[in-house]
Amino acid sequence: MTDHARMTLRAGLASILVSGILVALKLWAVSSTGALSIAASLADSAMDLMMSLGAMTALLYAQRPADEDHAFGHSSAEDIAALGQAVFITISAGVIAVAAVLRLLSPDPQPLAAEGQGVAVMGVSILLTLLLVWWQGRVAGRTGNRVISADRLHYLGDLIPSVGAIVSLMASGPLNLPQIDSVVALAASVFMVIGAAGIGRGAFDALMDRQADPELLEGIMTLTRNWPEVRGFHDLKSRTAGSRVFIHLHIELDGDLTLREAHDIGAGLKRTITLAYPQTDVIIHKDVADQRA
């Protein structure tokens, strides 16, 4: 198993652990305070737990090696999971927005109780979420894993309602302003939809075999252009599947080289590309260079 694979699996396990703790804490806080804002946060954490379990399943499936039916591996499972998460996040954001509007329009806001206990629970929730988001950000940045990015968006979206719940609990008594958390929840739903759109677009592009990041391709072309004995290259093609990038490249070599020499040149270039871009799976074809060039 690669270092990237181990990092993504650890991030998935951390997500499940944190979401489970948050569900337990918020369940206790709801029973103590009767706060609708915490109840909404509890429902969101419960959905996060279910999504994290689903994401972990996709990550485990994506790590399966290539077989006769899946010659390029199973990493597209990450894109399918990320696309499903993007849809789920969008629906969740819509539900949160509707609930927030209904609370704002309600003429009789429900009074809260045990505000101090609720603030303490939400404070712990925010701290755990921040630690998880930081770790997931590191993993997503190093691996490019869309499932982890989508899962991270869940928890980033949780931070704003959690802060809103604290503000609501603190303001409901002295200021009698329980509507504050509804306003914050509306802002959170907009943030979630924007983030989900980005993740969903990336997953859809990968499933449709859109080419890899132009910056990555430019780096590969530079390495190839400067590689000893390579006189030229053509037909550079790429596709992404989950966090993997598949590269097909034709290099042009002197026709008088032996088969072993040509193989060594291609193998050296492939090794250099995969060292520079660990997420790539590279296939290099050797062609005879045009003698007139």
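Further up the page is the structure itself.
Residues numbered from 1 in each chain as written. Predicted model: local features only at pLDDT ≥ 70, side-chain atom pairs only at ≥ 80, totals over all residues. Heavy atoms only, no water.

**What to know about the overall build of the chain**
Argument step 1. Within the chain, the regular secondary structure consists of eight helices and three strands.
Argument step 2. Expressed as a percentage of the 293 residues in the chain, the buried residues total 41%.
Argument step 3. Here the analysis covers contacts within the chain between residues at least 6 apart in sequence; of these, 73% occur between residues at least 24 apart.
Argument step 4. Accessible surface computed for the chain: about 14800 Å², of which carbon and sulfur atoms make up 64%. (Helix = DSSP H or I, 4+ residues; strand = E, 2+ residues; numbered from the N terminus. Buried < 20%, exposed > 50% of the residue type's maximum accessible area, 1.4 Å probe, protein only. Contact = heavy atoms within 4.5 Å. Areas by Shrake-Rupley, 256 points an atom, 1.4 Å probe, with all protein chains shown as cover.)

**Some thoughts on the side chain of Thr129**
Argument step 1. Along the polypeptide, Thr129 turns up in helix H4 (residues 115-143).
Argument step 2. For Thr129, a relative accessible area of 2% translates into the label buried.
Argument step 3. When neighbours within four sequence positions are excluded, Thr129 is seen to be in contact with Leu22, Tyr155 and Leu159.

**Topic: unusual backbone geometry**
Argument step 1. Here Glu229, not a glycine, exhibits a phi torsion of approximately 75 degrees, which is positive.
Argument step 2. Positive phi values are uncommon outside glycine, yet Asp235 reaches one of about 50 degrees.
Argument step 3. Here Asp235 lies in strand S1 (residues 232-241).
Argument step 4. The exposure class assigned to Asp235 is partly exposed, which follows from its relative accessible area of 44%.

**Considering helix H7 (residues 214-225)**
Argument step 1. End to end, H7 covers 16 Å across twelve residues, agreeing with the expected 16 Å (1.5 Å per residue, within 8%).
Argument step 2. Among the residues of H7, Leu216, Leu217, Gly219, Ile220 and Thr224 are the ones counted as buried. Projected onto a plane normal to the axis of H7, the buried residues spread over an arc of 160 degrees and lie on a single side. When the buried face of H7 is taken as reference, the exposed residues oriented beyond 90 degrees from it are Pro214 and Glu215. (Expected span 1.5 Å × (residues − 1). Arc of directions from axis to C-beta.)

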